[in-house]
There are 2 protein chains.
Amino acid sequence: MRPQIVLFGDSITEQSFRSGGWGAALADTYSRKADIVNRGFGGYNTRWALFLLHHLFPLRLLLLQPYFLEQMMQRFWEELVQGSMCQLMNTRRIFGEWFNILRLLQECCSTMLIVLITPPPVDEEGRKEYARALYGEKAMKLPERTNETAGLYAEKCVELARELDLPSINLWSKMQEMDGWQKKFLRDGLHLTEDGNAVVYQEVVRVFSETWLPASKMPYDFPHHSEIDPENPGKAFQQQCLGV
Amino acid sequence: MRPQIVLFGDSITEQSFRSGGWGAALADTYSRKADIVNRGFGGYNTRWALFLLHHLFPLRLLLLQPYFLEQMMQRFWEELVQGSMCQLMNTRRIFGEWFNILRLLQECCSTMLIVLITPPPVDEEGRKEYARALYGEKAMKLPERTNETAGLYAEKCVELARELDLPSINLWSKMQEMDGWQKKFLRDGLHLTEDGNAVVYQEVVRVFSETWLPASKMPYDFPHHSEIDPENPGKAFQQQCLGV
């Protein structure tokens, strides 16, 4: 089985295979080495994302400690459905519950690396322009997100990563280091341009290289063609086949 | 489980997630609807590809008629390893054996669609230029593929698709309909430019729309955000969850 890199997020993840997208670039870099699985859900928030968790990682649960994890997920799931846990403003608790589970999975499966990525900054002016282009005069009445709130969210994300000893990427800070980040990295004040995608890609590759494995050091899935003897191709495959 | 579209081929497939690549474009088009799984193996030929078949589709085998298919694959595998079946020049027989197995899989699993894609044409002059740039004077001594041979291979591929009642895409013919195809579609006489990738992408989307499902008619994996009630998000997820 080829290793999987699961991208779990919102529209910025869902759109990551567009031209110049960070998901596609990862898929190319890890070609023949890992599968990049896109699990981006546009427009979802953390609370909604929790409804998917149970479905997105079922195989891993079953492979590890089925009874304990199933019980735990079941309890978590019931709490969620009954609404006893979720309060929209209580992001700390949602984050906490969620990452405790991911931490547990990480402990059970030492080869699973979890990397947290914050949202990028918000260009409020660009966001307003986009809304005006789309909705005209009505745009003013729409509630809009702010860069400050995105910054608080990013801070919380980095803080939780630290608590859980997970690597994180602070896109919110990183992108604002560059003059003109508003138009260079964001195409509608919120979603990424090709340059913005390149920042995410470079940061993910950097974190993977530092904490896990750079693509260049990962083995190919099946022998590289230069290792196959045209007179006796079976030989190069034999070791892999015997191992399966 | 999200449906999978498996791209099985050589370097043109392996490189299909590069910028402007046809694999990445498919992944974007089928975003939230199907996973595009890249199983391209650069430099491999049909004979070598046969060594992988048993490993690439094991789950489907196990899910269908395990004993019969396992036995059959085992026999096929042993024949291969013993070399009693493979003769490099006998592409007809290799194609035949291989597609008989795929046909069998298709019959067992009616939702599996197999599409055969021929190689693109070869720009012999472009190929020579590339070799000269890479190897200098030595280049002349290297054996090189011809457009005529690629055409015979493409013809065989289309013929077999017809025999097996499978859809096929004849890139060899399609690309040569355009004046200047040599430089427009091929970057080294053999591998695809962005324009060449666009042809493959468009043809695959066309065939999928005609024979299977256009992405626009496939359901989203989990509800679209517009269908989720922020006051009661669980409701939209409930049906899907109960179905699992």
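In this text, all values refer to a predicted model and were calculated from it rather than measured experimentally.

Rules and cut-offs
- Residues numbered from 1 in each chain as written.
- Chains lettered and ligands numbered in written order.
- Predicted model: local features only at pLDDT ≥ 70, side-chain atom pairs only at ≥ 80, totals over all residues.
- Heavy atoms only, no water.
- Contact = heavy atoms within 4.5 Å.
- Buried area = accessible area lost by both parts, 1.4 Å probe.
- Salt bridge = Lys/Arg side-chain N within 4 Å of Asp/Glu carboxyl O.
- Least-squares fit on C-alpha atoms with pLDDT ≥ 70 in both.
- Helix = DSSP H or I, 4+ residues; strand = E, 2+ residues; numbered from the N terminus.
- Phe/Tyr/Trp six-rings, centres within 6.5 Å; stacked < 30°, edge-to-face > 60°.
- Buried < 20%, exposed > 50% of the residue type's maximum accessible area, 1.4 Å probe, protein only.
- Lys NZ or Arg CZ within 6 Å of the ring centre and 35° of its normal.
- Expected span 1.5 Å × (residues − 1).
- Arc of directions from axis to C-beta.
- Patch = residues over 30% accessible without salt bridge, like charges linked within 9 Å, V, L, I, M, F, W, Y side chains within 5 Å.
- Areas by Shrake-Rupley, 256 points an atom, 1.4 Å probe, with all protein chains shown as cover.
- Core = buried A, V, L, I, M, F, W, Y, C linked by side-chain atoms within 4.5 Å.
- pLDDT = per-residue confidence, 0-100.
- Axes fitted to C-alpha atoms, helices over the stretch in contact; angles between N-to-C directions.
- Parallel < 35°, antiparallel > 145°, perpendicular 65-115°, else oblique.
- Left-handed = near helix turned anticlockwise from the far one by under 90°.
- Nonpolar A, V, L, I, M, F, W, Y, C, P; charged D, E, K, R; others polar.

Asks: What am I meant to see in the interface of chain B and chain A here?
Replies: Many analyses report the size of an interface as the accessible area lost when the parts associate. Contacts between the two partners involve 36 residues from chain B and, on the opposite side, 37 residues from chain A. The junction of chain B with chain A conceals about 3300 Å² of combined surface from both sides, 63% of it contributed by carbon and sulfur atoms. Our enumeration of links across chain B and chain A arrives at four salt bridges. One salt bridge in this structure joins A:Asp35 and B:Arg39, with 2.7 Å as the shortest N-O distance.

Asks: When you look at the relation of the copies chain B and chain A in this model, what are you seeing that I'm missing?
Replies: For the pair of chain copies, the relating operation is a rotation around an axis with a shift along it. For the pair chain B and chain A, the relating rotation is 180°, the translation along its axis is 0.0 Å, and the fit reaches an RMSD of 0.0 Å. In short, the pair behaves as if placed about a two-fold rotation axis. Across chain B, the smallest distance between a C-alpha and the rotation axis is recorded for B:Ala24, namely 2.9 Å. An overlap of 100% is found between the interface residues of chain B and their copies at the interface of chain A, pointing to a shared contact surface.

Asks: Got a minute to help me understand unusual backbone geometry in this structure?
Replies: Glycine aside, a negative phi is what most residues show, and trans is what most peptide bonds show. The backbone of A:Arg32 shows a phi angle near 70°, a positive value even though the residue is not glycine. Relative to the helices and strands, A:Arg32 resides in the loop between helix H2 (22-29) and strand S2 (35-40).

Asks: When you look at the packing of aromatic side chains in this model, what are you seeing that I'm missing?
Replies: Aromatic rings considered in pairs are described by the distance between their centres and by the relative angle of their planes. Inspection of every chain in the model, using the stated rule, returns 15 aromatic pairs over all chains. Relative to B:Phe237, the ring of A:Phe51 lies with its centre 4.7 Å away and its plane at 5°, an arrangement referred to as stacked. Remark: B:Phe237 occurs in helix H12 (residues 233-243) and A:Phe51 occurs in helix H3 (residues 46-56); the pair is interchain, linking two chains. Residue A:Phe51 shares its accessibility class with B:Phe237, and that shared class is buried. Taking the centre distance of 5.7 Å and the plane angle of 80° together, the rings of B:Tyr44 and B:Trp48 count as edge-to-face. In terms of burial, B:Tyr44 and B:Trp48 fall into one category: buried. Three or more aromatic residues joined by ring pairs form one cluster here, namely A:Phe41, A:Tyr44, A:Trp48, A:Phe51, B:Phe222 and B:Phe237. Lying over the aromatic face of A:Tyr220, A:Lys33 brings its terminal NZ or CZ to 4.8 Å of the ring centre.

Asks: What should I look at first to understand helix H7 (residues 124-135) of chain B in this one?
Replies: Given 3.6 residues per helical turn, the α-helix brings residues three or four places apart onto the same face. Residue and element names in this part refer to chain B. Taking 1.5 Å as the rise per residue, H7 with twelve residues should run 16 Å; its terminal C-alpha atoms sit 16 Å apart, in good agreement. All of the buried residues in H7 are Gly126, Arg127 and Ala131. Along the axis of H7, the buried positions cluster into a sector of 135°, meaning they face one direction only. For H7, the elements touching its buried residues are helix H10 (181-184).

Asks: Looking at this structure, I do not really get a nonpolar patch on the surface. What am I missing?
Replies: Residue and element names in this part refer to chain A. Side chains of Tyr130, Leu134 and Tyr135 sit close together on the surface and give an oily, nonpolar patch of about 310 Å² of accessible area. Note on placement: Tyr130 falls in helix H7 (residues 124-135). Its relative accessible area of 36% is what places Tyr130 among the partly exposed residues.

Asks: Is there a simple way to think about the nonpolar core in this case?
Replies: The tendency in soluble globular proteins is for nonpolar side chains to be buried side by side. In terms of nonpolar packing, the biggest core is built from 50 residues, with A:Tyr30 and B:Tyr30 touching the most fellow members. Elements that contribute at least two residues to this core include exactly strand S1 (4-9), H2, helix H9 (171-176) and helix H11 (194-211) of chain A together with strand S1 (4-9), helix H2 (22-29), helix H9 (171-176) and helix H11 (194-211) of chain B. Ignoring any residue separated from it by four or fewer positions in sequence, one finds B:Tyr30 in contact with B:Ile5, B:Ile36, B:Phe208, B:Leu213, B:Pro214, B:Ala215 and B:Met218.

Asks: What exactly am I supposed to notice about the confidence of the model for chain A here?
Replies: Low pLDDT means the predicted atomic positions in that stretch should not be read closely. Confidence along chain A averages 80 in pLDDT terms, with 73% of residues attaining 70 or more. Within the model, the stretch residues 59-89 of chain A combines pLDDT values under 50 with 49 contacts to residues more than four positions away or in other chains.

Asks: When you look at the packing of H2(B) against H11(B) in this model, what are you seeing that I'm missing?
Replies: Packed helices, taken two at a time, are described by the angle between their axes plus the distance between the axes. All names here are of chain B. Here H2 crosses H11 at 40°, and the two axes come no closer than 8 Å. The angle between H2 and H11 falls in the class oblique. Here H2 and H11 pass one another in a crossing that is right-handed. Between H2 and H11, the residues in contact are Trp22, Ala25, Leu26 and Thr29 and Asn197, Val200, Tyr201, Val204 and Val205, respectively. Grouping the constituent residues of the contact of H2 with H11 by class yields seven nonpolar, two polar and no charged.

Asks: Is there a simple way to think about the environment of B:Glu210 in this case?
Replies: Following the sequence through the fold, B:Glu210 ends up in helix H11. C-alpha of B:Glu210 to C-alpha of B:Pro167: the two residues are 43 residues apart in sequence and 9.5 Å apart in space.

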